[in-house]
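Architecture at a glance
Spelled out, the chains give:
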Amino acid sequence: MDMNEIKEIFFQECEEQLAELESGLLKMNDGDRDPETVNAVFRAVHSIKGGAGAFGLDDLVSFAHVFETTLDCVRSNKLEPNQDVLKVMLKSADVLADLTNAARDGGGVDEARSRQLIRELEALANGEMPAASEPPAAKAAPAPKASAPAPAAPTPATAATSEDGFQPIPFSFDDFDGEEQPVAPYVPTCEVLFVPKRDLYAKGNEATLLLRDLSRLGEMSIRCDMDKLPLLQDMNPEEAYFSWKISIATDKGEDGVRTVFEFAEWDCDLEVRTIEDEPEAVAGDDEQPMQPVPFDLSILDDASDVPAEDEPPVFEQPVAPAAAVEVASNVVKLAEAPKAEARAALAASPAASQAAANAAASTAAAPTIRVDLDRVDRLINLVGELVINQAMLSQSVIENDNNGVSSINMGLEELQQLTREIQDSVMAIRAQPVKPVFQRMSRIVREIADATGKSVRLLTEGENTEVDKTVIDKLAEPLTHMIRNAVDHGLESPEKREAAGKNPEGTVRLTAKHRSGRIVIELADDGGGINREKVRQKAIDNDLIAADANLSDEEIDNLIFHAGFSTADKISDISGRGVGMDVVKRSIQALGGRITISSKPGQGSVFTMSLPLTLAVLDGMVVTVAGQTLVVPLTAIVETLQPEASAIHSFGASQRLISIRNSFCPLVDVGRILNFRGTQANPVEGVALLVESEGGGQRALMVDAIQGQRQVVIKSLEANYTHVPGIAAATILGDGRVALILDVDAVVAASRGQPLKQEMSLAATG
Amino acid sequence: MSAHILTVDDSASIRLTTKIALTGAGYQVTEAVDGLDGLNKAKAGTFDMIVTDLNMPNMNGLAMIEALRSSPAHTGIPIIFLTTESDAEMKSRAKAAGATGWITKPFDPEQLVKIAKKVLGK
């Protein structure tokens, strides 16, 4: 597994943490003061920071650090998380998400915004508790990369309390593989008094190892003080009784010495002094002059390398002190003893405990597995083939089996059932909850609310409703646009709302649910509703409708889906980005979906989107055109009708119109457009499919006959053959024939002027 | 036999980084996903050292260290905690709970190995 894969896991974790962060902050925003909520929020930022540091993502680390510091103030009740504070925090969560994305995809971020939020966060942390020593702004600057060569050269360690939380500790002890440092001609001598507390060993620190590490700093002499050693019956062999006085010649200085004892600092009393030239002068307070004892490193190494089982038994301990007065090696062995006992205790039943550890380890595996999308797609594809195959088999059996009750027939029915179940299960693998998309929306709402000065609450329901991953991925864009519209245009300003007797805070409700094999997503706002007069006037101004057109309320509402339609008086920064609801409608349609609006003046609007649960299958209408079988996506079809001769009107040389309920709609001869035939078919002999296409215009597609409705498995034409204009994809029907799936938009576009003759001929031969 | 190290962290990426660093240095590694898991595994197995995060769901690192130190069989095992806390408070609390030492996140895998060598002596 390489670093990039681990990084990818980290980013996936980040996504989870960011979601956790946001939902926690939103809960707090709703007045939740549960310490666990605050903790969860803190933990999310903390985890992101921790991981980001490990991967050298400095921008992410420094921002997360400041954020964490402020959250810590909340956690420790130094900062009251009121609405203003949470506003800054929610924005910070957004920036943190941006930084994460930038780190993942290499894009840039709005640095001015990050800096601004860093300042705001620091102000929050500082402003409320002036006494606390919060990191100054300078600390927000990017920390050195973890991979920077800093640790290579021994750096004097700062006191543990003053070190920077997000900088790697510079470790000053030497490489263990290294040779002993050659002693410089003149090196200052340090005098070290090391008095372990009783529980030094219990906390896992080891006097032996500390002394050995120390010996690596330079030549040293050591003296053991055993005055505190009690009588055998009073002694607890697991406690520390000895202390040491060490004189060491080192160029690493006092800091270097302290670094060796870094972990033991809490577990011992440590004095470190530099003696300039006269070691005796300092040692003078001791009654006995210091007796340097040669310190043999190899003895220490031996001692620590002895396996636990071979350690001298604990009962030998009392013997040791007598001999240890002058020989350090015995002291060392004694110091090792308590640990040896602990190890021995642990090793009591190695086999049994190992088995238990293994069993426990296996439960740690998360209940999910990550699988390449490609593999799932291959499986889906195969199941698609299976469905087709099963259908073909059924059809041929039915054709050859007259009475229809044979055992083959019953077996086939079971096969059909199973196939369908397999298909559903496989589709379910790709299904994911819409939650991530919904969560993204809460950020969008915040940003627009901020930009427009409106106060908005986003409510979401049915976040766990599942839909195919491809649909989810493509849902975010239209949904974002709709949310922007809802807040920018749908909701009134707080003043207007108050004047209308409404809560000044507007509500946008986003709901997802399953309905008849599709996912239905509703976006409701409690704003002013569609201003029908304005919409109508705009439509007239833009020549979308005649000035005297008689339109129902619903028809007027649906005008907003027309291309280039915008009711906003001025192009605002938010929703006026050159795209309108027509773009939304088109992207929904591209997903095989439908979108409708219903609006009540003064009470708000509801946009309802209905989308297929998967893009791998399609509800289609199977039709015949010039002897060829085609499939038209059902979602594109508004209605089907049998044209009467009186309803057909010729217009110009080749254009024909069909009148439907007093309006005219251009007729599109599918067979002609696709070059299936050279002459125009007689509309009266065929069927007209009224379709709604790109731009919202309606067209009547002329086909020869309708065979029926069917769910078909989509097969990419590009992957298997080549792109054919006018054709979206292909499928295999139950009888084994390949049928092409019509690209309605392309056909309609072709009918508008430039029929794509050259390219279209491919379709005819295909 | 190589030393056996238990790593306790709720973040899979940190666990993985830790594991790669330690196994690369020849140690045997067992993973636990939170304090409770860590405590159970530590009690069930034989470990020469424990590396744990402090801030974790279910049972945080402090509580796990305290619980381990209160069990006679687990005094003396070096416990190193990972921390990004910049204040000394967390560190002293962890030390008071019985931790041996710490490594400040973000850590360099080499640092982790050095610390393992430091407290294990091999």
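Please read all numbers here as calculations on a predicted model, not as lab measurements. (Residues numbered from 1 in each chain as written. Chains lettered and ligands numbered in written order. Predicted model: local features only at pLDDT ≥ 70, side-chain atom pairs only at ≥ 80, totals over all residues.)

Looking at the overall build of chain A
Stated precisely, the cut-off is as follows: Under the DSSP-based scheme used, a helix requires at least four consecutive residues in state H or I and a strand at least two consecutive residues in state E, with every element numbered from the N terminus. Field definition: a residue is buried when 20 or more other C-beta atoms are found within 10 Å of its C-beta, exposed when 12 or fewer are, and partly exposed for counts in between, with C-beta atoms placed from the backbone. Each residue is represented by a C-beta atom placed from its backbone, and any two residues with such atoms within 7 Å are regarded as in contact.
Summing up its helical and strand segments, chain A has 24 helices and 22 strands in all. For chain A, the residues scored as buried account for 36% of the 766 residues in total. Nonlocal contacts in chain A, meaning residues at least 24 apart in sequence, comprise 69% of its contacts between residues at least 6 apart.

Considerations on the sheet that holds strand S11 (residues 604-612) of chain A
Residue and element names in this part refer to chain A. Selection rule: In this description, strands pair whenever DSSP reports at least two bridges between them. As a rule, the C-alpha atoms of each element are fitted with a line to give its axis, helices using only the stretch in contact, and angles between N-to-C directions run from 0 to 180 degrees.
Overall, mixed pairing links the five strands, which are arranged S6-S8-S9-S11-S10 in an open sheet. For this open sheet the edge positions go to strand S6 (456-461) and strand S10 (594-600), each flanked by a neighbour on one side alone. Neighbour-to-neighbour, the strand axes of this sheet turn through a mean angle of 15 degrees, independent of strand direction. With respect to the sheet, helix H16 (residues 469-490) is in contact with S6, strand S8 (506-515), strand S9 (518-525) and S11, its orientation differing from that of S9 by roughly 20 degrees.

Remarks on the UniProt feature "modified residue: 4-aspartylphosphate" (unreviewed entry) in chain B
Residue and element names in this part refer to chain B. Threshold: UniProt positions are given in the numbering used here, feature names are shortened, and annotations may be inferred rather than shown by experiment.
UniProt tags Asp53 as "modified residue: 4-aspartylphosphate" (unreviewed entry). As for its position among the elements, Asp53 is in strand S3 (residues 49-53). Look at Asp53 and you get buried, because 29 C-beta atoms sit within 10 Å. When neighbours within four sequence positions are excluded, Asp53 is seen to be in contact with Val8, Asp9, Asp10, Ile14, Gly61 and Leu82.

Description of the pairing of strand S1 (residues 4-8) of chain B
All names here are of chain B. Of all the five residues making up S1, four are buried; the element is thus mostly covered by neighbouring parts of the structure. When S1 meets strand S2 (residues 28-32), the two strands line up parallel, connected through five bridges. Paired with His4 across the strands is Gln28, a residue of S2. Looking at chain direction, S1 and S3 are connected through four bridges and run parallel. Residue pairing across strands places Leu6 opposite Ile50, the latter belonging to S3.

Points about the packing of helix H2 (residues 35-54) of chain A against helix H3 (residues 58-75) of chain A
Between two packed helices, the angle of one axis relative to the other and the distance separating the axes together describe the packing. Residues and elements named next belong to chain A. For clarity, the cut-off: Orientation categories follow fixed angle ranges, with anything under 35 degrees roughly parallel, anything over 145 roughly antiparallel, 65 to 115 roughly perpendicular, and all other angles oblique. In this scheme the handedness of a crossing depends on how the near helix is turned from the far one: anticlockwise by less than a right angle means left-handed, clockwise means right-handed. Following the grouping adopted for this structure description, the nonpolar residues are Ala, Val, Leu, Ile, Met, Phe, Trp, Tyr, Cys and Pro, the charged ones are Asp, Glu, Lys and Arg, and the polar ones are all others, Gly among them.
Running from amino to carboxyl end, H2 crosses H3 at an angle of 155 degrees, the nearest separation of the two axes being 9 Å. With respect to H3, the element H2 is oriented roughly antiparallel. Between H2 and H3 lies a crossing of left-handed hand. Each of Val38, Asn39, Val41, Phe42, Val45, His46, Ile48, Lys49, Ala52 and Gly53 in H2 lies in contact with H3, whose residues at this interface are Leu60, Val61, Ala64, His65, Phe67, Glu68, Leu71, Asp72, Val74 and Arg75. Tallied by class, residues from the contact of H2 with H3 come to 12 nonpolar, four polar and four charged.

As for the sheet that holds strand S21 (residues 727-732) of chain A
Residue and element names in this part refer to chain A. Pairing is mixed in the open sheet, where five strands are placed in the order S20-S12-S13-S22-S21. The two strands at the open ends of the sheet, each matched to only one other strand, are strand S20 (705-713) and S21. Here the strands of the sheet are splayed against their neighbours by 35 degrees on average, with no regard to which way each runs.

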